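# Structural characterization, general
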Amino acid sequence: MESLFYIAAPEEHKILAAPLIVPPAIAMASNTTEDAAVRQSALKLLILLGDTPDTGDILFDAGVFPAMKTIVQARGSDWDDTSKNALDVISNICLHRTVNEKLRKAGAHMFLRDLLSEPGFPGLQSALALTHIG
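All values derive from a computational prediction rather than experimental measurement.

Conventions adopted
Residues numbered from 1 in each chain as written. Predicted model: local features only at pLDDT ≥ 70, side-chain atom pairs only at ≥ 80, totals over all residues. Heavy atoms only, no water. Axes fitted to C-alpha atoms, helices over the stretch in contact; angles between N-to-C directions. Helix = DSSP H or I, 4+ residues; strand = E, 2+ residues; numbered from the N terminus. Parallel < 35°, antiparallel > 145°, perpendicular 65-115°, else oblique. Left-handed = near helix turned anticlockwise from the far one by under 90°. Contact = heavy atoms within 4.5 Å. Nonpolar A, V, L, I, M, F, W, Y, C, P; charged D, E, K, R; others polar. Phe/Tyr/Trp six-rings, centres within 6.5 Å; stacked < 30°, edge-to-face > 60°. Buried < 20%, exposed > 50% of the residue type's maximum accessible area, 1.4 Å probe, protein only. Salt bridge = Lys/Arg side-chain N within 4 Å of Asp/Glu carboxyl O. Core = buried A, V, L, I, M, F, W, Y, C linked by side-chain atoms within 4.5 Å. Expected span 1.5 Å × (residues − 1). Polar contact = N/O pair within 3.5 Å; in protein donor to acceptor, adjacent residues only side chain to side chain. Arc of directions from axis to C-beta.

### Examining the packing of helix α2 (residues 11-30) against helix α5 (residues 64-73)
Following both chains from N to C, one finds α2 and α5 inclined at 15°, their axes separated by 10 Å at the closest point. By the angle between their axes, α2 is roughly parallel relative to α5. For the pair α2 and α5, the crossing hand works out as left-handed. Contacts between α2 and α5 involve I26, A29 and S30 from the first element and V64, A67, M68 and I71 from the second. Along the lines of polarity and charge, the residues of the contact of α2 with α5 split into six nonpolar, one polar and no charged.

Structure, rendered in structure tokens:
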């Protein structure tokens, strides 16, 4: 996973790497029986790939929003690194506004609105994502 992160890190590599990396990264990040370090690495890879306007459609079409939403909703009352990173993935996709219409149709704005009252990072991250998604 670490090697994939460094391969995909340059801006010009993200659009090429995303179609190949996103599906297995979503599967690893979503797998609750996967080792915690592997899940975190997969989430950080998705954060990286979502941090460009060129990959929004790829991530959305691969199912990243419902997968990350499920991770956040499964957190219980505690925000661990897994749930925070899943929210960060969603926020990065919102940031570049390339798939905002798809995200709104999927209910992302309602989901993020429900998280506004969360203390600290999650509430702030939700507010920032909402400012971009509209």
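### Considering the packing of aromatic side chains
In total, this model carries two aromatic pairs according to the counting rule given. Ring centres of F5 and Y6 lie 5.5 Å apart, and the angle between their planes is 85°; this geometry places the pair in the edge-to-face category. Look at F5 and you get partly exposed, because its relative accessible area is 27%. For Y6, a relative accessible area of 54% corresponds to the exposed category. When the ring of F65 is compared with that of F111, the centres are 6.1 Å apart and the planes differ by 80°; the resulting orientation is edge-to-face. Pair noted here: F65 is in helix α5 and F111 is in helix α8 (residues 108-115), with a separation of 46 residues, a long-range link.

### Considering the pattern of salt bridges
Within this structure, the stated rule accounts for five salt bridges. Note that D61 is salt-bridged to K102, the shortest N-O span being 3.1 Å. With D61 in helix α4 (residues 56-62) and K102 in helix α7 (residues 100-105), this residue pair connects regions lying 41 residues apart in the sequence. Across the pair R75 and E118 runs a salt bridge, and its minimum N-O distance is 3.3 Å. On the criterion of sequence distance, the pair formed by R75 in the loop between α5 and α6 (81-95) and E118 in the loop between α8 and α9 (121-133) is long-range, its members being 43 residues apart. You can call E118 partly exposed: its relative accessible area is 22%. One continuous salt-bridge network, built from bridges that share partners, spans D57, D61 and K102.

### Remarks on unusual backbone geometry
Of note in this structure, R97 is not a glycine but carries a positive phi near 65°. Its place among the elements puts R97 in the loop between α6 and α7. For R97, a relative accessible area of 46% puts it in the partly exposed group.

### Re the nonpolar core
L46, L49, V64, M68, V89, L103 and L112 are the most contacted members of the largest nonpolar core, which has 39 residues in total. When contributions to this core are tallied by element, the ones reaching two or more residues are α2, α3 (36-50), α4, α5, α6, α8 and α9. With sequence-adjacent residues up to four places away left out, V89 is seen in contact with L43, L46, I47, V64 and M68.

### Some details on α3
Relative to the 21 Å expected for 15 residues at 1.5 Å per residue, α3 spans 21 Å between its end C-alpha atoms, a close match to the ideal helical length. Those residues of α3 lying buried are R39, Q40, A42, L43, L45, L46, I47, L48, L49 and G50. Between the side-chain oxygen of the N-cap and the backbone nitrogen of A37 there are 3.1 Å, and the N-cap of α3 in question is D35.

### Let's talk about α9
Over its 13 residues, α9 runs 18 Å from end to end, which matches the ideal 18 Å to within 8%, given 1.5 Å per residue. Considered for burial, the residues of α9 that qualify are P122, G123, Q125, S126, A129, L130 and I133. In a view along the axis of α9, the buried residues occupy a sector of 165°, so they form one face of it. Exposed side chains of α9 directed beyond 90 degrees from the buried face belong to L124 and T131.

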